[in-house]
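Fold and contact review
Each chain, written out:
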Amino acid sequence: STRNCPRKMSRLPPKNPLASPVSEGTNSRVESVDNLSMDSFWLEVENIKQSAEAEQEECSIADVKTQEEGEAEAEWLQDAGLSDLLGDRASENDNIVLLSTLTKTQAAAVQRRLDTYTRSRRRKNKHPVRDVRDVFGVVSSEETAAEKKESSPDQLWHNLRTSNVQRKTQDYSCTVRNPGKEEAFNMDIAYSEQAAVLLKGSFLSEPRRLKDGNTLPKFKIAKSRLGVTRIGDLSAQDMKKIPTLALIELTALCDVLGFELKRNKAAKLKTTEKKLFGVPLNTLLENDQKLLPNTKVPLLLQALLSCLEKRGLDTEGILRVSGSQTRIKSLEQKLERDFYTGLFRWDEVHQNDVSGLLKRFIRELPAPLLTAEYLPAFAAVQNIPDLKQRLQALNLLILILPEPNRNTLKALLEFLSKVVSRENNNKMNLWNVSTVMAPNLFMHKGLPNKIPEGKEKQLAEGAADVVRMMIHYQDLLWTVSSFLVAQVRKLNESNSKRYQFCDKRIKNLLRRIHADKDKVEKNQAEPSKTVKVHASLLLKDSLEVHLNNATRVADVLRQFQKNLCQNGWSIVNTVNLLKCNNSTECTNLLLYEVGGNIGERCLDPDTYLLDLYHVNPHAEWIIKQNPSYPRMF
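Here's a quick rundown of the structure. Going along each chain's sequence as written, the residues are numbered from 1 onward. Thresholds applied to this predicted model are a pLDDT of at least 70 for local features of residues and 80 or more for the giving and counting of side-chain atom pairs; totals over whole chains, interfaces and linings are not thresholded and use all residues. Side-chain descriptors were evaluated using all non-hydrogen atoms of the structure, hydrogens and water having been removed beforehand.

1. Looking at the overall build of the chain
So the rule is basically this: Secondary structure follows DSSP: runs of H or I at least 4 residues long count as helices, runs of E at least 2 residues long count as strands, and numbering of each begins at the N terminus. Contact definition: two residues touch when any of their heavy atoms are within 4.5 Å. For the accessible areas, the method is Shrake-Rupley and the probe is 1.4 Å, while residue cover comes only from the protein chains on display.
Of the regular secondary structure elements, the chain holds 26 helices and 11 strands. Taking the intrachain contacts of the chain between residues at least 6 apart in sequence as the baseline, contacts between residues at least 24 apart amount to 81%. Accessible surface, the chain: about 29600 Å² in total, of which carbon and sulfur atoms supply 47%.

2. Remarks on the sheet that holds strand E9 (residues 589-595)
Rules: When DSSP finds two or more bridges between two strands, those strands count as paired. Under this scheme, a helix contributes an axis fitted over its contacting stretch, all axes are lines through C-alpha atoms, and angles between N-to-C directions fall in the 0 to 180 degree range.
The mixed open sheet is built from 5 strands, whose spatial order is E6-E5-E11-E9-E10. Each having just a single partner strand, strand E6 (543-547) and strand E10 (598-602) make up the two edges of the open sheet. Between one strand and the next, the sheet's axes are offset by a mean angle of 30°, whatever the strand orientation. Where E9 meets E10, 4 bridges bridge the pair, whose relative direction is antiparallel. Note that in E10 the partner of Val594 across the bridge is Glu600.

3. Observations concerning the packing of helix H5 (residues 104-123) against helix H11 (residues 242-257)
In a pair of packed helices, the angle between the axes and the distance between the axes together describe the arrangement. Keep this limit in mind: Orientation categories follow fixed angle ranges, with anything under 35 degrees roughly parallel, anything over 145 roughly antiparallel, 65 to 115 roughly perpendicular, and all other angles oblique. Residue polarity follows a fixed list, in which Ala, Val, Leu, Ile, Met, Phe, Trp, Tyr, Cys and Pro are nonpolar, Asp, Glu, Lys and Arg are charged, and the others, Gly among them, are polar.
It is at 8 Å that the axes of H5 and H11 come closest, and there the two elements cross at 85°. Here H5 lies roughly perpendicular to H11, going by the angle between them. Touching Thr105, Gln106, Ala109, Val110, Arg112 and Arg113 of H5 are Ile248, Glu249, Thr251, Ala252, Asp255 and Val256, all from H11. Partitioning the contact of H5 with H11 into residue classes produces 5 nonpolar, 3 polar and 4 charged.

4. With respect to the packing of aromatic side chains
How we decide: Classification of ring pairs uses Phe, Tyr and Trp, with its six-membered ring standing for Trp, and accepts pairs whose centres are within 6.5 Å; under 30 degrees between planes counts as stacked, over 60 as edge-to-face, and the remaining range as tilted. Our definition puts a charge over a ring when NZ of Lys or CZ of Arg is within 6 Å of the ring centre and also within 35 degrees of the ring normal.
Under the defined criterion, the tally for this structure stands at 8 aromatic pairs. In this structure an aromatic cluster arises from ring pairing among Phe185, Tyr191, Phe219, Tyr473 and Phe483. The positively charged end of Arg113 is found above the aromatic ring belonging to Trp76, 5.5 Å away from the centroid. One cation-aromatic arrangement involves Lys624 over Tyr592; the distance from NZ or CZ to the ring centre is 4.7 Å.

5. Looking at the environment of Asp555
Under the convention used in this document: Only protein chains enter the accessibility calculation, which uses a 1.4 Å probe; a residue is then buried when its area is under 20% of its type maximum, exposed when over 50%, and partly exposed in between. Within 3.5 Å is the distance limit for a polar contact, defined as a pair of N or O atoms, with the added protein rule that one can donate a hydrogen and the other accept it, and that residues adjacent in sequence qualify only through two side-chain atoms.
Here Asp555 shows up in helix H25 (residues 553-566). Here Asp555 falls in the partly exposed class, since its relative accessible area comes to 26%. Each C-alpha atom, one on Asp555 and one on Tyr608, is 9.7 Å from the other, the two residues being 53 residues apart in sequence. Of note is the side chain of Asp555, whose polar atom sits 2.6 Å from the side chain of Arg558.

6. Overview of the packing of helix H13 (residues 299-311) against helix H15 (residues 351-363)
Note the cut-off: For any pair of crossing helices, the crossing counts as left-handed if the nearer helix is rotated counterclockwise from the farther one by less than a right angle, and right-handed if it is rotated clockwise.
Packing of H13 against H15 leaves a shortest axis separation of 10 Å and a crossing angle of 150°. The orientation of H13 relative to H15 falls into the category roughly antiparallel. Handedness of the crossing formed by H13 with H15: left-handed. Taken together, the residues of H15 that come into contact with H13 (itself represented by Leu300, Leu301, Leu304, Leu305, Cys307, Leu308 and Arg311) are Gln351, Val354, Ser355, Leu357, Leu358 and Phe361. A per-class count over the contact of H13 with H15 returns 10 nonpolar, 2 polar and 1 charged.

7. Some details on the side chain of Thr551
Within the secondary structure layout, Thr551 lies in the loop between E6 and H25. With a relative accessible area of 9%, Thr551 lands in the buried category. Only 3.0 Å separates the side chain of Thr551 from the backbone nitrogen of Asn548, close enough to count as a polar contact. Once residues lying within four places of it in the same chain are set aside, the contact partners of Thr551 are His546, Val556, Thr607, Tyr608 and Leu609.

Geometric values such as these leave the question of function open.
Below, the structure is given as structure tokens:
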């Protein structure tokens, strides 16, 4: 039991009692992993307990205040970029731009929280309080009654299904499970809309049963003609819009599935005089960037992972076999003193002690790596019975994470994947690695530590399962869904127009969003087009490209390579081009979409350019060198 441990797993949000199918699915899935060994998990919990007891004086458990009614909704609206709706006479134009991009299920999620907030404020008799109808338009009593019926959850899903099911049936055919085959993962349509159609449709799937620690189904992103967008492909300006959109979509998905999305808000822990361990990620990165600009992952973590990759991947029981707590504490003190001076001798440290330092670094962060706010949501993913929907929720949660947390988590997961790949030597399979790392990610001294009686085993298995999914499906999870990119485009278009919305246009906007809002409008232009592709950093000349329905990004890069080699173009900087057998490697070049309704986007080689031109006709296309380092670092 972890009840006597000073660092216990945070409590999961209770499931909605109305969602009985979810409960049944969860029990079935947890039973399916019951035969998998949890010894590593409890051994790691015991190690954490001993480490914490040895330093009890340094631990400071934060108080978590219970939020009053309406406070959670107010914070949610703020985080979702809709804080103006909470004001008395604040401008609504910025909110209307965001609201106009939402799907029907997303709009329903916003409406639900605004209604709850308004009711709570009325009960407290705090004046003045804006009526929901003042924001979304004043309507007659007949209209109100009709809309109340139309906006009820059952009626909403019914309307959504009847308006979209014929159009979307083919999109969900992949959810009828076919064991042993690779399944398509649809990112073109909002996850919450997919779930809403499945909820009332005939495509409900059976809870996934896992046979063993390494048997997980294969998913492949179903590429649209606009290609796949990875985290790091979008400009920083556009990526700032993604977390708020992902939060709204995650909330809508939880609403459809019958879950309550709860978030923690822990008080700040005591500040530390240390330079490395127990230091906030932002502070670490600020210090590291003074030494190495553009550092995205703490230098200490990079050093720990590098040391383990060089000398620890083949060590039997790496991560599971704990090093000496005394030596680890001594090494921590030496690192605090010598790391930035370059005097620390990594070659003299035992691999198991390095793995202990790695786990200690993660645990000692003042706030959990998965953040205090969303750690309960990560843990609650285990309660979703369908594997594909669990991955959808995880994908959105990762997009919500602050950039330092997301980059650090990705570096950790990439290392853990390398450990699993050397299973034959180190005897650490995917489940072993997951059970060892789960306590370090899900247990934190600054969070609520009450665990429901008799739920320790279920929560432990669920946490390990979430870590397993993050390791195994990290390529899929670090993708920005096409429907979110489409919403970013709409936001950019609306912000550039800045037209004024009159009362008639905003009247009941959330309830009247049409299903076709997410469709890519079909441009009636000619079936072919000649455009210019620039490479100003590499060449003085631009490349004219004739586009048709079959022209892809990879074709343009090949054409660029051919012209570069044959036509004697004037090269601006030959150092920026890699040479191999007197030819330029086109794999070293990338095509970017810049401007128009997007800030900047690195294009998937399989993107069809005529389709992209119709979506963003005012963009420029620029060829750049592939960065020497992965884009996320």
